[in-house]
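Letter by letter, the chains look like this.
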Amino acid sequence: MTSATQHPRTPDATLAAPAPRLIATDLDGTLLRDDKTVSARTIAALADAEAAGIEVFFVTGRPARWMDVVAAHTAGHGMAICANGAAVYDLHRGRRLLAAYPLDPRDALAVIAALRTAVPGTAFAVELTGGFAYEPDYPPYAPAPDAVVAPVEDVLDGGRQGQPVLKLLAKHSSIDPDVFLRTARAVAGEHAEITRSSASALLEISGAGVSKATTLARCCADLGISAEEVVAFGDMPNDLAMLSWAGTSYAVANAHPDVLAATTHRTVANEEDGVARVIERILAAR
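None of these values were measured; they are calculated from a predicted model. (Residues numbered from 1 in each chain as written. Predicted model: local features only at pLDDT ≥ 70, side-chain atom pairs only at ≥ 80, totals over all residues. Heavy atoms only, no water.)

1. Comments concerning helix 4 (residues 105–118)
Consideration 1: Over its 14 residues, helix 4 extends 20 Å from the first C-alpha to the last, a length consistent with the 20 Å expected when each residue adds 1.5 Å.
Consideration 2: For helix 4, the full list of buried residues reads A108, V111, I112, A114 and L115.
Consideration 3: Looking at the buried side of helix 4, the elements it contacts are strand 6 (123–128), helix 5 (152–157), strand 9 (165–171), helix 6 (177–188), strand 10 (192–195) and strand 11 (202–207). (Helix = DSSP H or I, 4+ residues; strand = E, 2+ residues; numbered from the N terminus. Expected span 1.5 Å × (residues − 1). Buried < 20%, exposed > 50% of the residue type's maximum accessible area, 1.4 Å probe, protein only. Contact = heavy atoms within 4.5 Å.)

Here you go:
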């Protein structure tokens, strides 16, 4: 096995046994270019992997409505794991929800109360199975056209709470992102799974015990694929559980320091098609 201290711009040439049967990759900052597109080289590598009988799963913090950029590259199965493991969708059938592992509204309210006290100025949004809601002070990146603007407590207590809560989002305008994450876990970690994937102070909060790893493990079990047969790619703290679970884990060169420290393999940055380069090596070794 190649040392974790190898040059981060050199893809690891050694692949773990047994032979990979499934590739699990994050999207933003990992598979996608910085402009949020999929390069021609990556499209070809994904297609070649599927043609060789290797499953490819996109495992992302994105909601299903942001999956159009990769929907054509999920081959026959069409499945994608979204919202950091809170939902599995079939992208080939109108983004049909196949499974959900929601955050209990009571736990969401407990997290909100704890963060409002510990980090004043925090604003919140809620990703629901049927829509998106955000507070007036929460600046959304790209809200759904039918998004609701309201205090988040009203959303969770009101008529929309019948929809499963896939993810609670907490945003702050000035706190250091890693300090925000550590603080949130200290004051509210008993109520939920708290992580981050953005360069800004934006926390992503799921049901307790729900992560990319837990849902990927369920999907792999359904396919008869073991963790040792999975190669996973990521770049941010929300990928850590998946990278730890998979038999082989790769960090792209632009990854967060915690991800670089936790993975045993490296590949080049997302802008240099790091995931595609490893897939090509996997296929060449078969």
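Still to come is the rest of the account.
2. Here we look at the environment of P105
Consideration 1: Structurally, P105 can be placed in helix 4.
Consideration 2: Judged by relative accessible area, which is 21%, P105 ranks as partly exposed.
Consideration 3: Along the chain, P105 and G207 lie 102 residues apart, while their C-alpha atoms are 9.5 Å from each other.

3. Observations concerning the sheet that holds strand 7 (residues 131–134)
Consideration 1: The mixed open sheet is built from 6 strands, whose spatial order is 8-7-6-9-11-10. Two strands close off the open sheet at either side, each with one partner strand: strand 8 (148–149) and strand 10.
Consideration 2: As paired strands, strand 10 and strand 11 are joined by 4 bridges and run antiparallel to one another. Pairing of T195 across the sheet is with E204, part of strand 11. (Pairing = 2+ DSSP bridges.)

4. Comments concerning the confidence of the model for the chain
Consideration 1: Per-residue pLDDT for the chain averages 89, and the proportion of residues at 70 or more is 89%.
Consideration 2: Low pLDDT, under 50, characterises residues 1–16; the predicted model gives this stretch 38 contacts beyond four residues in sequence or across chains. (pLDDT = per-residue confidence, 0-100.)

5. Things to note about the pairing of strand 1 (residues 22–25)
Consideration 1: Residues L22 and A24 point to one face of strand 1 and I23 and T25 to the other, with burial holding for every one of them.
Consideration 2: Examined bridge by bridge, strand 1 and strand 2 (residues 55–59) share 4 bridges and lie parallel to one another. In the strand pairing of strand 2, I23 is matched with V56.
Consideration 3: Two strands pair when backbone bridges link them, and strand 1 and strand 12 (residues 230–234) are joined in this way by 4 bridges, in the parallel orientation. What sits directly across from I23, in strand 12, is V231.

6. Looking at the nonpolar core
Consideration 1: Of all hydrophobic cores here, the largest spans 31 residues; its most connected members are I23, F58 and M67.
Consideration 2: Among the elements that make up this core, the one with the highest residue count is helix 10 (residues 274–284) (5 residues).
Consideration 3: Counting residues in hydrophobic clusters, the runner-up holds 28 residues, among them L103, L115, V165 and A170. (Core = buried A, V, L, I, M, F, W, Y, C linked by side-chain atoms within 4.5 Å.)

7. A look at the side chain of T42
Consideration 1: Structurally, the position occupied by T42 is in helix 2 (residues 40–51).
Consideration 2: Overall, the relative accessible area of 2% leaves T42 in the buried class.
Consideration 3: Within the local environment of T42, its side chain forms a polar contact with the side chain of S39, the two groups lying 3.0 Å apart.
Consideration 4: Ignoring sequence-local partners within four residues, the contact set of T42 consists of L31, D273 and A276. (Polar contact = N/O pair within 3.5 Å; in protein donor to acceptor, adjacent residues only side chain to side chain.)

8. Points about the packing of helix 2 against helix 10
Consideration 1: Orientation of helix 2 relative to helix 10, taken along the N-to-C sense of each, is 35°, at an axis distance of 9 Å. In terms of crossing hand, the pair formed by helix 2 and helix 10 is left-handed. On helix 10, the residues touching R41, T42, A45, L46, D48 and A49 of helix 2 are A276, R277, I279, E280 and L283.
Consideration 2: Residue classes in the contact of helix 2 with helix 10 are distributed as 6 nonpolar, 1 polar and 4 charged. (Axes fitted to C-alpha atoms, helices over the stretch in contact; angles between N-to-C directions. Left-handed = near helix turned anticlockwise from the far one by under 90°. Nonpolar A, V, L, I, M, F, W, Y, C, P; charged D, E, K, R; others polar.)

9. Digging into the sheet that holds strand 12
Consideration 1: Within the open sheet, the 8 strands sit side by side as 5-4-3-2-1-12-13-14. Their pairing is mixed. A strand with exactly one partner marks an edge of an open sheet, and here the two such strands are strand 5 (96–100) and strand 14 (265–267). Within the sheet, the average angular offset between the axes of one strand and its neighbour, ignoring direction, is 25°.
Consideration 2: Pairing of strand 3 (residues 79–82) with strand 4 (residues 87–90) involves 4 bridges; the strand directions are antiparallel. Residue pairing across strands places A80 opposite Y89, the latter belonging to strand 4.
Consideration 3: The strands touched by helix 7 (residues 212–223) within the sheet are strand 1, strand 2, strand 3, strand 4 and strand 12, with strand 2 carrying the most contacts at an inclination of about 155°.

10. Observations concerning the packing of aromatic side chains
Consideration 1: A complete count under the given rule lists 2 aromatic pairs for this structure.
Consideration 2: An angle of 35° between the planes, with centres 5.9 Å apart, marks the rings of F132 and Y134 as tilted. The two residues F132 and Y134 agree in class, both being buried.
Consideration 3: Note on F233 and Y250: the rings are 5.3 Å apart at their centroids and 20° apart in plane angle, and the pair reads as stacked. Of the two residues, F233 sits in strand 12 while Y250 sits in strand 13 (residues 248–252), which places them 17 residues apart along the sequence. In terms of burial, F233 and Y250 fall into one category: buried.
Consideration 4: Seen from the ring of Y138, K171 lies directly overhead, with NZ or CZ sitting 4.8 Å from the centre.
Consideration 5: In this structure, R218 packs its charged tip against the face of Y101, placed 4.2 Å from the ring centre. (Phe/Tyr/Trp six-rings, centres within 6.5 Å; stacked < 30°, edge-to-face > 60°. Lys NZ or Arg CZ within 6 Å of the ring centre and 35° of its normal.)

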